[in-house]
Amino acid sequence: MRKPVIAGNWKMHKTAEEAVSFAAELKQADLPGEVEAVICAPFLALPALVEELTGTGIGVGAQNVHFEQQGAFTGEVSVPMLKAAGVTYVIIGHSERRAYFAETDETVNKKVKAALNGGLIPIVCVGETLEERENDQTKEVVRKQVKAASAGLSSDEMKKTIIAYEPVWAIGTGKASTAEDAEEVCSFIRKTVADQFDQQVANEVRIQYGGSVKPENIDSFIKQPNIDGALVGGASLNAGSFIQLVQAAK
Ligand SMILES: O=C[C@H](O)COP(=O)(O)O
């Protein structure tokens, strides 16, 4: 049985002080233990969030990481630094990083390996653009991204990895995928993992849907057999809405 994961991706939103207020609201909420709840915050808010959320069962994640441990990489943050700050998860290969910061399948793979080696849980984002969807290339694009991201991982490492299927056209647009279309792609991702590893690994790996998920539509995604939660941007910025999403995922 796969445990659903609801991860909030705050993107470039919230100061440390704002994160602390958000955490205070989360701590008051009755969150179901059957759901893994994670907040992926900007680097500067991570220490405060870790301090607030340690012991609550709510995880804290970063939104990016460098694949080297240390060195002359101005502006970057490494896996050991995140671990030392008490961070547990890291989003890797979000489409915004692929589009605006030259993230490639190769750097995504290096980052996934570095994260797993250093004890972080990677949330690896894959998904097609609108043009690729219209050209009927969704499965080809997603298969290539999944295979590249997971190249060289052991079965145990793959089982720990979370895949987030995020069609680029659904991100921040208010136009979510239909649950049926998202299920079809998530099921295809699971098959891709089975082909690359084996069926047991594929059965255990968790696959989220992301793209305009809100309290109003989360149910339709959660009830799909191959969707194990959601990666949520806009609707994770409000504590009340994030709490509703976590409660709906049980
Ligand atoms: O990482 C989250 C996704 O980019 C989805 O963002 P959104 O929920 O604002 O569409």
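Procedures and definitions
Residues numbered from 1 in each chain as written. Predicted model: local features only at pLDDT ≥ 70, side-chain atom pairs only at ≥ 80, totals over all residues. Heavy atoms only, no water. UniProt positions renumbered as here; feature names shortened; annotations may be inferred. Helix = DSSP H or I, 4+ residues; strand = E, 2+ residues; numbered from the N terminus. Buried < 20%, exposed > 50% of the residue type's maximum accessible area, 1.4 Å probe, protein only. Axes fitted to C-alpha atoms, helices over the stretch in contact; angles between N-to-C directions. Parallel < 35°, antiparallel > 145°, perpendicular 65-115°, else oblique. Left-handed = near helix turned anticlockwise from the far one by under 90°. Contact = heavy atoms within 4.5 Å. Nonpolar A, V, L, I, M, F, W, Y, C, P; charged D, E, K, R; others polar.

Per an unreviewed UniProt entry, the protein is named Triosephosphate isomerase, and its organism is Thermoactinomyces daqus. As recorded by UniProt, the Subunit (unreviewed entry) comment attached to the protein reads in full: "Homodimer."

**Some thoughts on unusual backbone geometry**
At Lys 11, a residue that is not glycine, the phi angle is positive and equals roughly 55°. Among the secondary structure elements, Lys 11 is positioned in the loop between β1 (5-9) and α1 (16-28). Here Lys 11 falls in the partly exposed class, since its relative accessible area comes to 21%. You will see that Ala 102, though not glycine, has its phi angle at about 55°, which is positive. As for its placement among the helices and strands, Ala 102 is situated in the loop between α4 (95-100) and α5 (105-117).

**Considering the packing of α1 against helix α12 (residues 239-248)**
Running from amino to carboxyl end, α1 crosses α12 at an angle of 40°, the nearest separation of the two axes being 9 Å. Comparing the axis directions of α1 and α12 gives the class oblique. Crossing geometry of α1 relative to α12 is assigned as right-handed. The segment α1 lies against α12, with Phe 22, Glu 25 and Leu 26 engaging Ala 239, Gly 240, Phe 242 and Ile 243. Looking at the contact of α1 with α12 residue by residue, the classes come out as five nonpolar, one polar and one charged.

**Topic: the UniProt feature "active site" (unreviewed entry) in the protein**
As recorded in UniProt, the feature "active site" (unreviewed entry) lies at His 94 and Glu 166. The annotated residues occupy 73 residues of the chain but converge on a single region, no pair of C-alpha atoms lying more than 8.5 Å apart. Looking at where His 94 falls in the secondary structure, it is placed in the loop between β4 (89-92) and α4. The residues contacting His 94, other than those within four sequence positions of it, are Asn 9, Lys 11, Cys 125, Glu 166 and Ile 171. Along the chain, Glu 166 turns up in the loop between β6 (162-165) and α9 (179-196). Here Glu 166 falls in the buried class, since its relative accessible area comes to 5%. In this structure, Glu 166 is in contact with His 94, Cys 125, Val 126, Gly 127, Glu 128, Ile 171, Gly 210, Gly 211 and Leu 231, ignoring residues within four places of it in sequence.

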